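Structural description and commentary
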Amino acid sequence: MSQDKLSEKENLERGAIEEFSALFNDRLQRGKLEFKEHLKTPYPDLKCDLNDSDLYIEVAHAYGTSVDVRKVLRRDTSAEPSAEEDFKNTVSLNMDDRIVEPLNETIREHCNKDYMGEPCWLLVRIGNPLYDTSEFERFINRIEIPSNNKFNEIWILCGPWKECGALQIWPTT
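1. A few points about the layout of surface pockets
In this structure, the largest pocket encloses a volume near 320 Å³. Lys9, Glu13, Asp45, Glu58 and Val59 are the residues nearest the centre of the largest pocket, which is lined by 21 residues in total. Sorting the residues of the lining of the largest pocket by element identifies helix H1 (8-28) and strand S3 (53-62) as the ones contributing at least two each. At 4 residues, S3 tops the list of elements feeding residues into the lining of the largest pocket. When grouped by side-chain class, the residues that make up the lining of the largest pocket number 10 nonpolar, 3 polar and 8 charged.

2. Here's the deal with the side chain of glutamine 168
Following the sequence through the fold, glutamine 168 ends up in strand S6 (residues 166-170). Looking at glutamine 168, its side chain comes within polar contact range of the main-chain oxygen of proline 171, at 3.3 Å.

3. Quick look at the pairing of strand S4 (residues 120-126)
With 7 of 7 residues buried, S4 lies mostly within the body of the structure. Residues Cys120, Leu122, Val124 and Ile126 line one face of S4 and the alternating positions Trp121, Leu123 and Arg125 line the opposite face, and both faces are buried. Alignment of S3 against S4, held across 7 bridges, turns out to be parallel. The residue of S4 that forms the bridge with glutamate 58 is leucine 122. Where S4 and strand S5 (residues 153-157) come together, 5 bridges link them in parallel fashion. Each residue of the ladder has a partner; that of valine 124, found in S5, is isoleucine 156.

4. Regarding the sheet that holds S4
Pairing is mixed across the open sheet formed by 6 strands, whose spatial order is S1-S2-S3-S4-S5-S6. Since the sheet does not close on itself, it has two edges, and those belong to strand S1 (33-38) and S6, each with one partner. With direction set aside, neighbouring strand axes in the sheet form an average angle of 30 degrees. Here H1 sits on the sheet and contacts S1, strand S2 (46-50), S3, S4, S5 and S6; the angle it forms with S1, its principal contact strand, is near 165 degrees.

Rules and cut-offs
Residues numbered from 1 in each chain as written. Predicted model: local features only at pLDDT ≥ 70, side-chain atom pairs only at ≥ 80, totals over all residues. Heavy atoms only, no water. 1 Å grid on protein atoms, 1.4 Å probe; cavity = no way out; pocket = protein on both sides within 12 Å on 5 of 7 lines; lining within 4 Å. Points joined across faces, edges and corners; volume = space filled by probe spheres on them. Helix = DSSP H or I, 4+ residues; strand = E, 2+ residues; numbered from the N terminus. Nonpolar A, V, L, I, M, F, W, Y, C, P; charged D, E, K, R; others polar. Polar contact = N/O pair within 3.5 Å; in protein donor to acceptor, adjacent residues only side chain to side chain. Buried < 20%, exposed > 50% of the residue type's maximum accessible area, 1.4 Å probe, protein only. Pairing = 2+ DSSP bridges. Axes fitted to C-alpha atoms, helices over the stretch in contact; angles between N-to-C directions. Contact = heavy atoms within 4.5 Å.

Structure follows, in structure tokens:
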């Protein structure tokens, strides 16, 4: 399927896996990860190939606060936060409130679902350009992974570009 015929959701998933697989293949030396196809429920979002074996990946996105979401996505100008909202959001919220708690909520939501396909990973792309790997490494002890999750691995793609880095958050290495 050509990229222009994909839904917005599929484009976001495809972009996340392309950035992640570039990082994974270049830096982690665990083999070659390649996108194969988009899937429908009850399967995770993507079927990939890792070292000639199927790998299923559920892709989630976390942006931060509701102000951050509106600022990053900019779907229409009426939804963009005002300068005052943006300022309050920027200066008054700590890392926990601004990104860690929304990330934890996203992780909990996906860990409570059942997926077909094994092995299955969760990839959470942080869509907020303010944070890179170093912030998440500092706050790793505040990221909550439910013990009942069905994922073999959980990863954070730490920003909208591969240069922001990726971090495996479960299981911890």
